[in-house]
Amino acid sequence: MRTALSLALMLGGIANAQTGSLRPVDAFPIREDGITIRRHVEAGKPFTVAGTRGAMPGQQEGTLEAWVLPVKLLSHLSIRADVEGYSVPIDLNADAAEIEVSPDHTTITYSHIAFTVRQIMFAPDDTEDGTGAVVLFQIDSTRPMDLTFSFTPEMRPMWPQRSQGVPSAEWVKQQEGGFYVLHTDFPNLAGAVAIPTAQPGILAPYQEKPKFYPLELKLHYGPKRDTNRYFPLLMAMGSTLETATNATLQGKLERLNAELPQIYAKHAERYRQMKDRVTAIRTPDVGLSEDFDWAAMSIEQLRAKAQPSGEIGLVAGYYSSGDSARPGFGWYFGRDSLYTLYAVNGFGDFGLSRAELEFLMKRQRDDGKIMHEYPQTAASFEWKDFSYAYAAADSTPLFLTAMLDYVRSSGDVDFLRRHREIVEKAWHFETTHDTDGDGIYDNSQGTGWVESWPSGMPHQEIYLALLDQQASVAMLKLAGLLEDKATADAASVRAADLAKKIEAEYYDSSRQEYTFSRNTDGTLDRTATVYPAIAWWNGGDGLAHSAASFRRWASHDFSTDWGLRDVAESDPFYDPISYHQGSVWPLFTGWASVAEYRAGHPLAGYAHLMQNADLTTAQDLGAVTELLSGAFFQPFGRSTSHQLWSSAMVITPALWGLFGIDVDGLSSSITLDPHLPADWDHAAVDRLHVGASVCSLEYQREGRGLVVRVKTLSGPVVRLASGVKGALSMGDGSSIVFALPPVEVAVPHGLPLPGARTAQMKVLGETVDGHSLKLELEAEAGSVVELTVRRNVARLNLHVDGGTISAATSGREGSGLDQLMVKFAEGMGYQGQVVTLRW
C-alpha cells in the first residue's frame, strides 16, 4: 500500500475518477419553524452537531472537526475568501456573526460588506454506512470570489483504538473538481472529502522535504451561476478492504450528493415528529418550557450506532477533541445513560429506553456486574484488556432502579420477564459483594462516585450505600412483578436493614449531618458533600435526620449561582477547579432539586432546577455542560459541553418536583404532589406518556385551590391520585384540587455574568403554618432582593417582619401579587435574614 501510494504522490498525488462528477445542489428548504436559539457569535464557545452516524463538535466562529463515527476524518476547518477586485484576503472565521441552533440543524453566518456565507450543518441518521454529518455552504456575494476551505486530515479512530500518523492525501480528479482520498497505513481504512467543483490546494510531491501542509479545497463562486445553490462538504469513510477503495468511496460521495434534499427532508421530519410525540410543558416561563424541549432533543442527539452490530446506544456527550482522538465523553457509559433514562421515560421515548437497557444488558459481565464504559471502537480490539469496562460499582444498583422506572412508566412487564435472568444476575452480584461484612455493597467493586480523593480512595461511600438500599427496594417490586415471593421478601428485609444501617453508620450526630464515607477501620470521612442527596432519588423516605443537610446544601457554602458544588466551600478538601472536590455539576444540582422538592423545600428545589435550565443557553446552545468551576461562573476547559445526564437534569426535576408527577403505567394512574411557583396562574404538561396511554395535565389556580385536570388523548383512561394529605379528588379520578396556603412567595432566577462569583440570595428554609410563612434567607451584605408574594385569600390582612411589602405594580393590580423587598445587613460576605409574613 505504501509503495503504490508513494508512486501516486511522486506523480503529483492526482488520479482520475472512472466516471461521475459531484455537483452543487439547488437550494432546498431548511426548516425554520420550531424551537431555535439565535445568538451573536462568541469566539471559542462550543457547538455540537450530532447524530447516530456522525458528529461535528466545533466553535461558534465556525471551526470544527468532523467524525464519521467512530473515525475523526478532519479537524481545524477554516475558510478564507478572496473577492474579485478586493485585494485583501478575508478570514471568514473572524467574520462569524450569528449562530442559529435548531434541533435538526445549526447555521453559522459569516457577514462581510461584500458577501454573506451560511454554514448549515446537520447529522442525519438515514445515510448509508460510512457517511455522517454534512455541511451546506450557501453563498451570496456581490462579486465573484474564491473560497479556500483549509483542514487537517485526521483519519483517527476514536481512542483507545490504535491510530497512525497523518494520512496521505490523494486527489481524484473528476470532470469538474474532484475529491480527496485520505489513505492510512492500513488498506482497510480510508476516507474521502469533497466540495463539488472545488479544486485541490497544496499536494506536496514525494521528493519535497517532510512538512505538514493543511489540505485545501478551492471553490470559485460566480453570482450569476451559483446563487441559490448549496455547496456541500461531503465526507465518507471505509473501514473494510472492500469499502476503503477509491471507487467505493466515490460512490458514497456521489449518492450522498444526489440524495441530499431527500436526506435532509427525512431528517427534519424525524425531529418534527419527535417534538410532536414526546412530552412537553407549557408554563408562563417560556424560557423554561423551551429548555425542557431542548433537553429532550439534546438527549436524542446523543444516540450513536455501534459498529459493527448496528445497535443504538447513548453516548455520554461530545466536545472538540483538539489534537486527541476522544471527542469529549464520546463513549457509551453505563451510569450516565441510566441516570438519563429517568428523563427519557419522563418524556415518553420508551423505545430508546428499551434499546439502551438492552445495550447494557448485552454487555453484562458473566458474574452479573453492569458495564461502566464501552468505547465506540471497542469491536476493533480486546476491550476487556482495559480497566475501564467495569470500573464503576454504581452501574449495577442503578440498572435495577432504572429497570423498575422503565417498567412502571411504560407498563411493559413483558420486557422485564424476557430479561429476568439478567436482572437476577445483577441482584446476585450486588448482594454478594460486601468485603467488610456489614451487609452493604461497597467500593471494593469499583468507584462509587469519586474517582480520586485526597485522603485515598474511600472504602464505602454513602452514595453507594444509598443506591444499594434503593436497589433493594427496586428488587422488591421487580420480584413482585415476576411473582417471585422469596426474592421479594428477601429484598424487603434487606432494604429495611440497609436503611437502619445507613443511619447508624453514616449519621454524625455531633454535626447533625451525614458523612461522606466509612474507612476500612470503621472511622468516618466527615467531608461535607452533596452525595447524601441521592437518598431521595427513587422516592421513599430519604434520610431521617436531614434538616441540617438541606439547610447547608441551599446555602452559599454549597449553592453557587449556577449550581451545587459537590464539596462545601468551607471544607478543608474544597478545591473549586478539581474534578471531584468542589466543582459544580448539573447532575448534583438535579439530585438536590429532586430531594428538595420531595422533602418539603420547594423554593430551594426551584432555584436549583432553574440553574440547570438556564444553563441550556449558556455555552453549547441547546445543551447543558458537564461541570463548572466552584468559584467562578465558568465551565471547565475540558467540560463536555453537550453532556447527556446534564440535560436530563432539566427534565427529571421539572416533572418529578415542580409538576409533582409520579407515573404508574401499570395501573394507568398518576400520583401528584405539585409545587408551581407562586407567580404562575397556570401550567400544563402535554403528551405525558403513562404506560400505553398518552394524556395531558392542566394546572390552574382557582381561589384557594390548585386544580389539576387530566385528559386522556389515547389508550386506557388515565386516573389521578394525590400524594398530598387533604387534597380533594373527583370520584372518577379526572381532577384533583390541592389546597393552597393563604400566602406564597416566588423567588427570582437567572445566571450571573461569566466570571462572576456567587452573590445571589439563597433560601435556607421555609416554614408554613396556619397563620404565618417564615423564610430563612441569606444574601450578600447590603444587597436588596425583590420577591413576589401571592395572596390566595381576598382582603387578607398581611404583616411582614424582616421585609417591606408594597402593592403590585407593572400591571399586576388585582392579581393578588405583591412585591416583597428584603434588605440584608451591611458587613462582609453573606448575611442572614429571617422574613416572617403573618395574617
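Quantities reported herein were computed from a predicted structural model and do not represent experimental measurements.

This part is about the overall build of the chain. A tally of regular secondary structure across the chain gives 15 helices and 47 strands. Relative to the compact-globule value of 28 Å for 839 residues, the chain shows a C-alpha radius of gyration of 29 Å, a close match. Seen through its principal axes, the chain has C-alpha atoms that stretch 90 × 65 × 55 Å. The 839 residues of the chain split such that 61% are buried. Relative to all contacts within the chain whose residues are 6 or more apart in sequence, the contacts with residues 24 or more apart total 66%.

This brings us to the sheet that holds strand β47 (residues 830-838). Read from one edge to the other, the open sheet built from four strands follows the order β41-β42-β47-β44, with strand pairing classed as antiparallel. Taken across any chain shown, the strands that pair with only one partner, and hence form the sheet edges, are β41 (762-769) and β44 (799-801). Each strand of the sheet is rotated relative to its neighbour by a mean of 15°, with strand direction disregarded. Relative to strand β42 (residues 772-780), β41 runs antiparallel, the two sharing seven bridges.

Okay, the pairing of strand β34 (residues 682-690) next. For β34, the tally of buried residues reaches seven of nine residues, placing the bulk of the element in the interior. One ladder, built from three bridges, connects strand β20 (residues 280-282) with β34; its direction is antiparallel. Within β34, the position partnered with A280 by the bridge is D686. As paired elements, β34 and strand β35 (residues 693-702) share seven bridges and run antiparallel to each other. Residue pairing across strands places V685 opposite L697, the latter belonging to β35. With antiparallel pairing between neighbouring strands as the criterion, β34 and β35 make up a hairpin whose turn holds two residues, including G691 at a positive phi of roughly 60°.

With that out of the way, let us pick up the confidence of the model for the chain. With 97% of its residues at a pLDDT of 70 or more, the chain has an overall mean of 94. Throughout residues 809-814 the model reports pLDDT below 50, and contacts reaching past four residues in sequence, or to other chains, amount to four contacts.

A few words on the pattern of salt bridges. In the structure shown here, the tally under the stated rule is 47 salt bridges. D394 is paired through a salt bridge with R335; the nearest N and O atoms lie 3.0 Å apart. Taken together, the residues D394 in the loop between β25 (373-374) and α7 (395-410) and R335 in helix α5 (residues 334-347) connect sequence positions 59 residues apart. Overall, R335 belongs to the buried group, its relative accessible area being 4%. The salt bridge partner of D557 is R552, with a shortest N-O separation of 2.9 Å. Using a relative accessible area of 11% as the deciding quantity, one classes D557 as buried.

Attention shifts here to the packing of aromatic side chains. Under the definition given, this model contains 48 aromatic pairs. Consider the rings of W453 and F516, whose centres lie 4.2 Å apart with planes at 25°: the pair is stacked. With W453 in the loop between α9 (420-431) and β26 (460-461) and F516 in the loop between β28 (513-514) and β29 (517-518), this residue pair connects regions lying 63 residues apart in the sequence. F516 carries the same exposure label as W453, and that label is buried. Taking the ring centre of W449 as reference, the NZ or CZ of R335 above it sits at 4.4 Å.

It is worth spelling out the sheet that holds β29 at this point. Strand order across the open sheet formed by three strands is β26-β29-β30, with antiparallel pairing between neighbours. Because the sheet does not close on itself, it has two edges, and the strands there are β26 and β30 (524-525). Inspection of the sheet shows β26 paired to β29 by two bridges, in the antiparallel sense. Paired with Q460 across the bridge in β29 is R518.

With respect to burial, strand β14 (residues 168-173) is a largely interior element, five of its six residues being buried. Of the pairings in the sheet, the one linking strand β1 (residues 14-16) to β14 comprises three bridges and is parallel in character. Paired with A15 across the bridge in β14 is V172.

This part is about helix α11 (residues 485-506). Relative to the 32 Å expected for 22 residues at 1.5 Å per residue, α11 spans 31 Å between its end C-alpha atoms, a close match to the ideal helical length. Of all the residues in α11, the buried ones are T487, A488, A491, R494, A495, L498, I502, E503, E505 and Y506.

Where helix α10 (residues 462-481) meets α11, the closest approach of the two axes is 8 Å, and the angle between their N-to-C directions is 160°. By the angle between their directions, the pair α10 and α11 is classed as roughly antiparallel. Of the two possible hands of crossing, α10 and α11 adopt the one that is left-handed. From α10, I462, A465, L466, D468, Q469, S472, V473, M475, L476, A479 and G480 reach across to α11, where they touch T487, A488, A491, S492, R494, A495, L498, A499, I502 and Y506.

With 13 residues, helix α14 (residues 602-614) extends 18 Å between its outermost C-alpha atoms, agreeing within 8% with the 18 Å of an ideal straight helix rising 1.5 Å per residue. Across the 13 residues that make up α14, a large majority, eleven, are buried. Those residues of α14 not exposed but buried are L603, A604, G605, Y606, H608, L609, M610, Q611, N612, A613 and D614.

Glancing now at the side chain of R31. If you trace the backbone, R31 turns up in the loop between β2 (25-26) and β3 (37-40). A distance of 2.7 Å separates polar atoms of two side chains, one belonging to R31 and the other to D33. Apart from the residues lying within four places of it in its own chain, the contact partners of R31 are D104, H105, Y264, A268, Y271 and R272.

What follows deals with the nonpolar core. With 229 residues, the main nonpolar core has Y339, F399, W591, I661, L697, Y699 and L837 as its most contacted residues. Per-element tally for this core: the top contributor is helix α15 (residues 644-658), with ten residues. With sequence-adjacent residues up to four places away left out, W591 is seen in contact with Y339, W449, Y463, Y531, A533, I534, W537 and M649. The next biggest cluster of nonpolar side chains, apart from the first, holds 25 residues, and it includes F122, L234, L256 and Y264.

This part takes up a nonpolar patch on the surface. On the surface, Y86, V88 and I113 cluster together to form a nonpolar patch covering roughly 310 Å² of accessible area. Relative to the elements of secondary structure, V88 occurs in the loop between β7 (71-83) and β8 (90-91).

When you line up the elements, A304 lands in strand β21 (residues 303-305). For the pair A304 and A50, spaced 254 residues apart in sequence, the C-alpha separation works out to 8.7 Å. With residues near it in sequence (within four places) discarded, A304 still touches T52, L69, E311, I312, G313, V315, Y318, Y332 and Q376.

This brings us to the environment of A43. Of note, A43 is situated in the loop between β3 and β4 (46-50). In this structure A43 comes out as exposed when scored by relative accessible area, which is 68%. Put simply, A43 and T63 are 20 residues apart on the chain and 9.8 Å apart in space, counted from C-alpha to C-alpha.

Mapping V800 onto the fold places it in strand β44. For V800, a relative accessible area of 19% gives the class buried. Between the C-alpha atom of V800 and that of G368, which follows or precedes it by 432 residues, the distance is 59 Å. The residues contacting V800, other than those within four sequence positions of it, are I805, L820, V835, T836 and L837.

Calculation rules
Residues numbered from 1 in each chain as written. Predicted model: local features only at pLDDT ≥ 70, side-chain atom pairs only at ≥ 80, totals over all residues. Heavy atoms only, no water. Helix = DSSP H or I, 4+ residues; strand = E, 2+ residues; numbered from the N terminus. Rg over C-alpha atoms; globule rule 2.2 N^0.38 Å. Buried < 20%, exposed > 50% of the residue type's maximum accessible area, 1.4 Å probe, protein only. Contact = heavy atoms within 4.5 Å. Pairing = 2+ DSSP bridges. Axes fitted to C-alpha atoms, helices over the stretch in contact; angles between N-to-C directions. pLDDT = per-residue confidence, 0-100. Salt bridge = Lys/Arg side-chain N within 4 Å of Asp/Glu carboxyl O. Phe/Tyr/Trp six-rings, centres within 6.5 Å; stacked < 30°, edge-to-face > 60°. Lys NZ or Arg CZ within 6 Å of the ring centre and 35° of its normal. Expected span 1.5 Å × (residues − 1). Parallel < 35°, antiparallel > 145°, perpendicular 65-115°, else oblique. Left-handed = near helix turned anticlockwise from the far one by under 90°. Polar contact = N/O pair within 3.5 Å; in protein donor to acceptor, adjacent residues only side chain to side chain. Core = buried A, V, L, I, M, F, W, Y, C linked by side-chain atoms within 4.5 Å. Patch = residues over 30% accessible without salt bridge, like charges linked within 9 Å, V, L, I, M, F, W, Y side chains within 5 Å. Areas by Shrake-Rupley, 256 points an atom, 1.4 Å probe, with all protein chains shown as cover.

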